[in-house]
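Given next are the chains, with one letter for each unit.
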Amino acid sequence: MGTNGSTMLEPLRQGLPPLDPAAVSDAASCALPARYEAVRDARRFTRSTLDQWDMGDRFDDVCLVVSELVTNALRHGLPANTACAAGREPPVRLHLMRWTERLVCAVRDPSHDSPVARETDDFSAESGRGLFLVDSFSDSWGWHPLAGALSGKVVWALFRLPRPGSE
């Protein structure tokens, strides 16, 4: 397979951003059902989490990225006609993690396919521009396949935060 011109939006690397999981000061996650109302649920969860962390001023950017990542997971990461079987873990999960100077949003889905930013000149087109928005509003993003008992992948976006007291 030859590479085409879409490498501009290739994630900087696979794998999680270089942050020490032990140094997370806050983390929250919520499971999302396999239906489009999940995007609204994800926004509400993001709003209440950022308010709790006293980061409501970052809500617009973070929420836009969360909405795109969750929409992509629902649209492209689920097998057709996925219904959540009773007692089974919902297939999509949103994680918000905060370090002193970083915020990471990560969305897990059951697909192994890499996220693709479709080339589109039509910026009014709804489909295909989600990863352009993620790329524009976050400081970096990437994805990695899950290992072990969990199948699927995680797509993450990182936001830099001002140093406490540096404002």
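Quick summary incoming for the structure in this document. Remember, it's a predicted structure, so these values are computed and weren't measured experimentally. (Residues numbered from 1 in each chain as written. Predicted model: local features only at pLDDT ≥ 70, side-chain atom pairs only at ≥ 80, totals over all residues. Heavy atoms only, no water.)

Given a rise of 1.5 Å per residue, 16 residues ought to cover 22 Å, and the 23 Å separating the end C-alpha atoms of helix α1 (residues 37-52) matches this to within 8%. Every buried residue belonging to α1 is among Ala38, Val39, Ala42, Phe45, Thr46, Thr49 and Leu50, and all of these are buried. What you see down the axis of α1 is that its buried residues fit within an arc of 125°, all on one side. Facing away from the buried side of α1 by over 90 degrees, the exposed positions are Arg44 and Gln52. Looking at the buried side of α1, the elements it contacts are β1 (26-32), α2 (59-76), β2 (92-98) and β3 (102-109). Among the residues trailing α1, aspartate 54 stands out with phi positive, at a value near 60°. (Helix = DSSP H or I, 4+ residues; strand = E, 2+ residues; numbered from the N terminus. Expected span 1.5 Å × (residues − 1). Buried < 20%, exposed > 50% of the residue type's maximum accessible area, 1.4 Å probe, protein only. Arc of directions from axis to C-beta. Contact = heavy atoms within 4.5 Å.)

Under the definition given, this model contains 6 salt bridges. Between arginine 98 and aspartate 26 there is a salt bridge whose closest N-O contact spans 2.3 Å. Taken as a pair, arginine 98 in strand β2 and aspartate 26 in strand β1 lie far apart in primary sequence, 72 residues in all. One salt bridge connects aspartate 41 with arginine 44, and the closest N-O pair in it is separated by 3.9 Å. Pair noted here: aspartate 41 and arginine 44 are both in helix α1, with a separation of 3 residues, about one helical turn. (Salt bridge = Lys/Arg side-chain N within 4 Å of Asp/Glu carboxyl O.)

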